[in-house]
Amino acid sequence: MFHRLPALVAALWWGSLTTIGFLVVPMLFAHLPSPMAAGNMAAKLFAAQTWVAVACCLVLLLISRPKQAVAQYPWAQAAMVFMLGGLLLALLTQFGVAPRIVARQDLRLWHSVGTVMYALQWCCALAVLWQTLRQDPVPPSSPGGSADT
């Protein structure tokens, strides 16, 4: 069962990004009475999404190698740059871009930057999910010679 945990965590990250960014937020703008109300709710949802992304990335980093092993699992070696990139994008969006949007500072520019960063984070999460679904026949062995799965 443990060997499926990385895929479940990556699926949660990617699925939550997909649901919030491509379904829920557009529906807010379509159905709430004003763009201001929709924007305020969207900001709260994106903030919550940031913490989902941070939690998922931290869990993935923590389970990226077997106990007592030096080498990471093959999925983690292939996905490491995407995990770190997605984590960085989530934090930069939340603490660098979102405050400028909330302050209504050059909205067109910062909405565009935020959208691109969100899309890149979505791509990172998809790449991580893809790597966790790889069928690796043998995990790296621990120093004692036995595989920890």
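Nothing here was measured: the structure is a model prediction, and the numbers come from that model. (Residues numbered from 1 in each chain as written. Predicted model: local features only at pLDDT ≥ 70, side-chain atom pairs only at ≥ 80, totals over all residues. Heavy atoms only, no water.)

Let's talk about the overall build of the protein
Then step 1. Summing up its helical and strand segments, the protein has four helices and zero strands in all.
Then step 2. Of the regular secondary structure in the protein, the N- to C-terminal order runs α-α-α-α.
Then step 3. Residues counted as buried form 36% of the 149 residues belonging to the protein.
Then step 4. Roughly 8900 Å² of accessible area belongs to the protein as shown, and the carbon and sulfur atoms make up 70% of that amount. (Helix = DSSP H or I, 4+ residues; strand = E, 2+ residues; numbered from the N terminus. Buried < 20%, exposed > 50% of the residue type's maximum accessible area, 1.4 Å probe, protein only. Areas by Shrake-Rupley, 256 points an atom, 1.4 Å probe, with all protein chains shown as cover.)

Focus: the environment of W75
Then step 1. Note on placement: W75 falls in helix 3 (residues 74-102).
Then step 2. For the pair W75 and W130, spaced 55 residues apart in sequence, the C-alpha to C-alpha distance is 8.9 Å.

Thoughts on unusual backbone geometry
Then step 1. We note that R104 has phi near 60°; this positive angle belongs to a residue other than glycine.
Then step 2. On the secondary structure map, R104 appears in the loop between helix 3 and helix 4 (107-132).
Then step 3. Residue D106 is not a glycine yet carries a positive backbone phi of 45°.
Then step 4. Of note, D106 is situated in the loop between helix 3 and helix 4.

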